[in-house]
Amino acid sequence: DASYNELLPSVGRVRFMVTPDQGDRVAEFVPVFEQWMHQNPLIRHFEDTGDTRAMMWSDFMSLDELEETALYQEMFRPLGVASQMAVTLPTPPGIVVGFAVNTGQEGFNERDRAVLNTLRPHLAHAYRSIQLRDELTALTGALETGGWTGALANGDGIVESVTNNAEALAERTGIQLRVGSPLPDPLRTPFRRGVHAYEPSQPAVLSRPVRITYEANGTAGWHVPGPVAPHVVLIQTDIDAAARRLEESGLTPRQIEVALHLAQGGTNAVIAARLGISEGTLRKHLECIYRTLDVSDRASAIARIRGW
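The rules we used
- Each chain has its residues counted from 1, running along the sequence as written.
- Predicted model: local features are reported for residues with pLDDT of at least 70 only, side-chain atom pairs are reported and counted for 80 or more only, and whole-chain, interface and lining totals are derived from all residues.
- Side-chain measures were taken over the full set of non-hydrogen atoms in the model, leaving aside hydrogen atoms and water.
- The pairing criterion for strands is at least two bridges between them, as found by DSSP.
- The helix and strand labels rest on DSSP assignments: H or I over at least four residues marks a helix, E over at least two residues marks a strand, and numbering proceeds from the N terminus.
- The contact definition used throughout considers only heavy atoms, calling two residues in contact when any of these lie within 4.5 Å.
- Note on geometry: axes are C-alpha line fits, over the in-contact stretch for helices, and angles between N-to-C directions span 0 to 180 degrees.
- Whether two aromatic rings pair depends on their centres lying within 6.5 Å, for rings of Phe, Tyr and Trp, where Trp uses its six-membered ring; planes under 30 degrees apart make the pair stacked, over 60 edge-to-face, and the rest tilted.
- Partly exposed describes any residue whose relative accessible area lies between the buried limit of under 20% and the exposed limit of over 50%, with all areas from a 1.4 Å probe on protein chains only and scaled to the type maximum.
- In this description, the arc belongs to the directions extending from the helix axis to the C-beta atoms.
- Among buried residues, the Ala, Val, Leu, Ile, Met, Phe, Trp, Tyr and Cys ones that are joined through side-chain atoms within 4.5 Å form a nonpolar core.
- These descriptions rest on fixed angle ranges, namely under 35 degrees for roughly parallel, over 145 for roughly antiparallel, 65 to 115 for roughly perpendicular, and the rest for oblique.
- All residues other than Ala, Val, Leu, Ile, Met, Phe, Trp, Tyr, Cys, Pro, Asp, Glu, Lys and Arg, Gly among them, are scored as polar; the first ten of these are nonpolar and the last four charged.
- We define a salt bridge as a side-chain nitrogen of Lys or Arg found within 4 Å of a carboxyl oxygen belonging to Asp or Glu.
- For a helix, the expected span equals 1.5 Å multiplied by the residue count minus one.

Draft legend 1. Inspection of the sheet that holds strand E5 (residues 96-103) at higher detail. Strands sit in the order E2-E1-E5-E4-E3 across an open sheet of five strands; the sheet is antiparallel. Looking at which strands have only one partner, the edges of the open sheet turn out to be strand E2 (13-19) and strand E3 (55-56). Bridging between strand E4 (residues 83-88) and E5 involves six bridges; their strand directions are antiparallel. Bridge pairing in E5 links Thr88 to Gly98. Packed onto the sheet, helix H3 (residues 41-49) meets strand E1 (2-8), E3, E4 and E5 and runs at close to 20° relative to E4.

Below, the structure written as structure tokens:
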């Protein structure tokens, strides 16, 4: 059989689905599993390391050793399970979410492990997509109150989901966010550039929102970079005070975009990569920004922008 599992090992809580459905036969073992789950070597490994690779019981202990545990004697033996293999998904510490497959005495081989490892990124992608859609739905009220509209887009900039206030955004600003349609320009080009420039140091990292457009009509676009699609795009309809002050200072829209990225932090190389320009071009923009803001160095410019 195969199962999807959500575990909180520290408090002995579990939610699961098993296929093929075995009715009440599996459900009766839930209290046993909640009590003894810490004896499962896979759960201990995943919780301690955050590893998401396919692992088997046999990677950590022999069946003879496992048979000595209460978990095996009171649950897996009655269910006829003699071997288990599992993969997990990237989750916060203390939470284990994963898929397990169980079989009898024949066990699993390295080909089985390779198959599950091949499926792993697709499972993680599906899980993240569902998670983002749920979060975006939950945030709709807060987004609307704060003058924001949210969308999920694939790597090519095609909209997959929008918050309920997308129509109101179109009426106010003319920016159309429609499911199945590309992000409107000027959002799509910098969005795609940001997606392709993303180089995560590990499979699941939290990313800071990056401003991808600045427009004089009082709107701004933000992209939350991530390792896989869908990607979060946010439209801000009331530009913050810093952007307004920069505009009033006489900076061009492109210089305002550079200045706001400067205030977010990062080296010239990092900022240039975000904007999709060369470091030489960036330096020319910075020289104009320093001169217009009447400051002599980078630190002073950042302090002024952040102060606004």
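Okay, back to it.
Draft legend 2. Local environment of the packing of aromatic side chains. Following the criterion strictly, the structure yields four aromatic pairs and no others. Where Trp57 meets Phe76, the ring centres are 4.9 Å apart and the plane angle is 80°; that geometry is what we call edge-to-face. Pair noted here: Trp57 is in the loop between E3 and helix H4 (63-67) and Phe76 is in helix H5 (residues 70-79), with a separation of 19 residues, a long-range link. Among the residues examined, Phe76 registers a relative accessible area of 4% and is labelled buried. Taking the centre distance of 6.4 Å and the plane angle of 55° together, the rings of Trp148 and Trp222 count as tilted. Separated by 74 residues along the polypeptide, Trp148 in strand E6 (residues 148-153) and Trp222 in strand E9 (residues 220-224) bring together distant segments of the chain. Residue class for Trp148 comes out partly exposed when judged on its relative accessible area of 22%. Three or more aromatic residues link up through ring pairs in this structure, and these residues are Trp57, Tyr72 and Phe76.

Draft legend 3. Main features of helix H8 (residues 188-197). Within H8, the full set of buried residues consists of Pro190, Phe191, Gly194 and Val195. Seen along its axis, H8 keeps its buried residues to an arc of 140°; they face one direction.

Draft legend 4. Examining the nonpolar core more closely. Counting residues in each nonpolar core, the largest one holds 24 residues, and the members touching the most others are Phe33, Trp57, Met75 and Phe76. Those elements that provide at least two residues to this core are helix H2 (30-36), H3, H5 and E5. When residues in this core are grouped by element, the largest group, five residues, is from H5. Counting residues in each nonpolar core, the second largest holds 23 residues, with Leu246, Ala263, Leu286 and Ala301 among its members.

Draft legend 5. Highlighting the packing of helix H10 (residues 253-264) against helix H13 (residues 298-307). For the pair H10 and H13, interaxial distance at closest approach is 9 Å and the crossing angle is 95°. Relative to H13, the element H10 is oriented roughly perpendicular. Between H10 and H13, the contacting residues are Ala259, Leu262, Ala263 and Gln264 on the first element and Arg298, Ala301, Ile302, Ile305 and Arg306 on the second. By residue class, the composition of the contact of H10 with H13 is six nonpolar, one polar and two charged.

Draft legend 6. Quick peek at the pattern of salt bridges. Applying the stated criterion across every chain yields a total of six salt bridges. The salt bridge partner of Asp51 is Arg53, with a shortest N-O separation of 2.9 Å. The residue Glu110 makes a salt bridge to Arg113 at a minimum N-O spacing of 2.9 Å. Of this pair, Glu110 and Arg113 are both found in helix H6 (residues 110-145), three residues apart, which corresponds to roughly one turn of the helix.

Draft legend 7. Inspection of unusual backbone geometry at higher detail. Cis geometry is adopted by the peptide bond preceding Pro20, which originates at Thr19 and carries an omega value of 0°. Within the secondary structure, Pro20 is located in the loop between E2 and helix H1 (24-27). Backbone torsion omega between Asp185 and Pro186 reads 10°, so that peptide bond is classified as cis. Positive phi outside glycine occurs at Asp294, with the angle close to 60°. Judged by relative accessible area, which is 66%, Asp294 ranks as exposed.

Draft legend 8. Main features of helix H12 (residues 279-293). End to end, H12 covers 21 Å across 15 residues, agreeing with the expected 21 Å (1.5 Å per residue, within 8%). Asp294 sits one or two positions beyond H12 and adopts a positive phi of about 60°.

Draft legend 9. Examining the packing of helix H11 (residues 268-275) against H12 more closely. The interhelical angle for the contact between H11 and H12, taken along N-to-C directions, is 100°, at an axis separation of 9 Å. For the element pair H11 / H12, the angle class is roughly perpendicular. Between H11 and H12, the residues in contact are Asn268, Ala269, Ile271, Ala272 and Leu275 and Glu279, Leu282, Arg283 and Leu286, respectively. Residues of the contact of H11 with H12, tallied by class, amount to six nonpolar, one polar and two charged.

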